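Remarks on the overall topology
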Amino acid sequence: MDDVVGVLTAQIEARFGMGIDHLKAAVAASPTANSDATDIVKWHGMLLESQATLDRAEEALVAALESQPSEVDDPTMELAHRVNTAVAVRDGRAMVVRWLLDPNAVGKHGLAARMLSRFGQRQGPAVPTSPASRPAIAPQPGRSLAR
């Protein structure tokens, strides 16, 4: 495992006092029991996916570089850009996991945190899901809506 993923996995295991596989099983069995655990498991899974994507991109780049003559061609440069993008995605997800692990992180206290917690508790859909009681009447060109 990459150092970033390994360090964060160890921090998750230390915080919850169990191995990551056991934590994932516990969250799967009861996803609403602990929202912190659910969020961390979700983002840890996304982190693992991005690390796997990065590993594949790096392997493709190394293979291309080994077969190159002295100059790097455009397809190989594209592979290098793909590696850079994969690193950025992996690092962004790692930052989210770090933020979720830190109980004193910026944004977890104060007005913004209270508003976010209320937003997460919303009951029902954000937009109406049933048709309007009366269909709207589109105006005809040259005619007024008033009758």
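This report concerns the structure included in the present document. Please read all numbers here as calculations on a predicted model, not as lab measurements. (Residues numbered from 1 in each chain as written. Predicted model: local features only at pLDDT ≥ 70, side-chain atom pairs only at ≥ 80, totals over all residues. Heavy atoms only, no water.)

**Side note on the side chain of histidine 44**
Looking at the secondary structure, you find histidine 44 in helix α3 (residues 35–66). In this structure histidine 44 comes out as buried when scored by relative accessible area, which is 1%. Non-local contacts of histidine 44, meaning those with residues more than four positions away in its chain, are made with Val5, Thr9, Ile12, Ile20, Lys24 and Val97. (Helix = DSSP H or I, 4+ residues; strand = E, 2+ residues; numbered from the N terminus. Buried < 20%, exposed > 50% of the residue type's maximum accessible area, 1.4 Å probe, protein only. Contact = heavy atoms within 4.5 Å.)

**A few points about the packing of helix α1 (residues 3–16) against helix α4 (residues 74–101)**
Packing of α1 against α4 brings their axes to within 11 Å, and their N-to-C directions diverge by 20°. Comparing their axes, α4 and α1 come out roughly parallel. Judged by the sense of rotation from one axis to the other, the crossing of α1 with α4 is left-handed. Between α1, through Val4, Leu8, Gln11, Ile12 and Arg15, and α4, the contact on the second element is made entirely by Arg90, Ala94, Val97, Arg98, Leu100 and Leu101. (Axes fitted to C-alpha atoms, helices over the stretch in contact; angles between N-to-C directions. Parallel < 35°, antiparallel > 145°, perpendicular 65-115°, else oblique. Left-handed = near helix turned anticlockwise from the far one by under 90°.)

**Thoughts on α1**
For the α-helix, the turn length of 3.6 residues means that residues three or four positions removed from each other point alike. Between the first and last C-alpha of α1 there are 20 Å, a value that for 14 residues agrees with the 20 Å anticipated at 1.5 Å per step. Looking only at α1, the buried set comprises Val5, Leu8, Thr9, Ile12 and Phe16. Seen from one end, α1 has its buried residues packed into an arc of 105°, which puts them on one side. Facing away from the buried side of α1 by more than 90 degrees, the exposed set consists of Asp3 and Ala14. Where the residues of α1 are buried, they touch α2 (20–29), α3 and α4. Just past α1, the residue glycine 17 takes up positive phi, approximately 65°. (Expected span 1.5 Å × (residues − 1). Arc of directions from axis to C-beta.)

**Some words on α4**
Under the 1.5 Å per step criterion, the end-to-end length of α4 is 41 Å for 28 residues, consistent within 8% with the ideal 40 Å. Looking only at α4, the buried set comprises Thr76, Leu79, Val83, Ala86, Arg90, Ala94, Val97, Leu100 and Leu101. Where the residues of α4 are buried, they touch α1 and α3.

**Describing a nonpolar patch on the surface**
Together, Leu65, Val72 and Met77 make up an exposed nonpolar region whose accessible area comes to about 240 Å². Inspection of the secondary structure assignment puts valine 72 in the loop between α3 and α4. Overall, the relative accessible area of 42% leaves valine 72 in the partly exposed class. (Patch = residues over 30% accessible without salt bridge, like charges linked within 9 Å, V, L, I, M, F, W, Y side chains within 5 Å. Areas by Shrake-Rupley, 256 points an atom, 1.4 Å probe, with all protein chains shown as cover. Salt bridge = Lys/Arg side-chain N within 4 Å of Asp/Glu carboxyl O.)

Interpretation in functional terms is not warranted from these geometric data alone.
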